Amino acid sequence: MQQLALPTQEDFARWYYLSQRDKVEDELEMTTVCYRPEGLEQLEAQTNFTKKELQVLYRGFKNECPSGAVNEETFKQIYAQFFPHGDASMYAHYLFNAFDTAQNGSVKFEDFVMALSILLRGTVHEKLRWTFNLYDINKDGYINKEEMMDIVKAIYDMMGKYTYPVLKDDAPRQHVEVFFQKMDKNKDGVVTLDEFIESCQEDDNIMRSLQLFENVM
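Because the structure is a prediction, the values reported are computed rather than measured.

Reading guide: rules and limits
- Residues numbered from 1 in each chain as written.
- Predicted model: local features only at pLDDT ≥ 70, side-chain atom pairs only at ≥ 80, totals over all residues.
- Heavy atoms only, no water.
- UniProt positions renumbered as here; feature names shortened; annotations may be inferred.
- Helix = DSSP H or I, 4+ residues; strand = E, 2+ residues; numbered from the N terminus.
- Buried < 20%, exposed > 50% of the residue type's maximum accessible area, 1.4 Å probe, protein only.
- Contact = heavy atoms within 4.5 Å.
- Arc of directions from axis to C-beta.
- Polar contact = N/O pair within 3.5 Å; in protein donor to acceptor, adjacent residues only side chain to side chain.
- pLDDT = per-residue confidence, 0-100.
- Salt bridge = Lys/Arg side-chain N within 4 Å of Asp/Glu carboxyl O.

Visitor: Would you mind going over the UniProt feature "domain: EF-hand" (unreviewed entry) in the protein chain with me for this structure?
Guide: Mapped onto the present numbering, the UniProt feature "domain: EF-hand" (unreviewed entry) falls on residues 91-119, 127-155 and 175-203. The span residues 127-155 carries 69% helix and 10% strand; its end-to-end C-alpha distance comes to 18 Å. The distance separating the terminal C-alpha atoms of residues 175-203 is 15 Å; by composition the span is 62% helix and 10% strand.

What follows is the structure in structure tokens.
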């Protein structure tokens, strides 16, 4: 059975970072990006980005979101650029909720860059904890089969009709069953954070996928 790639959100983080860097890097050599010094210094201390990288990301974020915050609809439009052949709206909804740590319907630059820092430069444990939070839709500290089915269906919708080989109708259900066979260590019907991290660390394919995004420049 075709394996479901774990770090879809990391693909997006890398794509967004590189696209914004390429857009504004030349401009930064000619002009200074305005940013509150105290905010920049704090973010530099809290993330794994340099001052220049934060300036690049902030300029790109402001270009996309002049108000300084992105709502879910705008986020979906940005994310759709990364998956033009499928319907990414549902997965983008879940991803937006993971970025929206305050759960107030908008993502500020600080929220966005903190998540990018984890996905692109974080430790394996940090990346896995963030991914667990993404999959834990109702934020109760567990992943149940219904949540995993929703996530898997959203990923298949996002990949679109050009997926090869062609996916069978019951592929999402099969993936959920495999997921729980591997990760539900005590067979209680839910996956805890510890079970998730332990299982991912035992999976060479997942670990290789996560390591692809270390030290992105």
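Additional details are given in the paragraphs that follow.
Visitor: Any chance you could explain unusual backbone geometry here in plain terms?
Guide: Most peptide bonds are trans, and most residues other than glycine sit at a negative phi. The backbone of Lys139 sits at a positive phi, close to 60 degrees, despite the residue not being glycine. With respect to the helices, strands and loops of the structure, Lys139 is situated in the loop between helix 7 (124-135) and strand 3 (142-144). According to the relative accessible area criterion, Lys139 is partly exposed, its value standing at 36%. The phi dihedral of Lys187 is positive, around 55 degrees, even though this residue is not glycine. With respect to the secondary-structure elements, Lys187 resides in the loop between helix 9 (171-183) and strand 4 (190-192). On the accessibility criterion, Lys187 (55% relative accessible area) is exposed.

Visitor: Explanation requested: the environment of Thr74 in the structure shown.
Guide: Secondary-structure assignment places Thr74 in helix 4 (residues 72-80). Sequence separation between Thr74 and Ser106 is 32 residues; the distance between their C-alpha atoms is 9.9 Å. Those residues in contact with Thr74 that lie beyond four places of it in its chain are Glu64 and Cys65.

Visitor: Is there a simple way to explain helix 4 in this structure?
Guide: Because the α-helix completes a turn every 3.6 residues, residues three or four places apart line up on one side. Those residues of helix 4 that fall on the buried side of the exposure criterion are Phe75, Ile78 and Tyr79. What you see down the axis of helix 4 is that its buried residues fit within an arc of 95 degrees, all on one side. Capping the start of helix 4, Asn71 holds a side-chain oxygen 3.3 Å from the backbone nitrogen of Glu73, two or three residues further along.

Visitor: Whenever I open this one, the confidence of the model for the protein chain confuses me. Can you help?
Guide: In this model, the protein chain carries a mean pLDDT of 81, and residues with pLDDT of at least 70 account for 74%. Segment residues 1-7: pLDDT under 50, and 23 contacts once partners within four positions in sequence are set aside and those in other chains are kept. Overall, residues 213-217 carries pLDDT values under 50, and its contacts beyond four positions in sequence, including any with other chains, amount to 22 contacts.

Visitor: Please explain the environment of Arg129 as it appears in this structure.
Guide: Looking at the element boundaries, Arg129 is found in helix 7. A residue is classified by how much of its surface remains accessible, and Arg129, at 45% relative accessible area, is partly exposed. Residues Arg129 and Ile118 lie 11 residues apart in sequence; the distance between their C-alpha atoms is 9.7 Å.

Visitor: Where do I start with the pattern of salt bridges in this structure?
Guide: Working definition: two side chains of opposite charge can pair if their charged atoms are close together. Summed over the entire model, instances satisfying the criterion amount to 5 salt bridges. Among the salt bridges present, the one from Glu72 reaches Lys76, with a minimum N-O distance of 3.3 Å. Here Lys76 and Glu72 lie together in helix 4, a separation of 4 residues that amounts to about one turn. Classification of Lys76 by relative accessible area gives partly exposed; the value is 23%. Note that Glu177 is salt-bridged to Lys145, the shortest N-O span being 3.5 Å. Residue Glu177 is found in helix 9, and its partner Lys145 is found in helix 8 (residues 145-159); the two are separated by 32 residues along the sequence. Look at Glu177 and you get partly exposed, because its relative accessible area is 29%. On the basis of relative accessibility, which here comes to 34%, the residue Lys145 falls in the partly exposed class.

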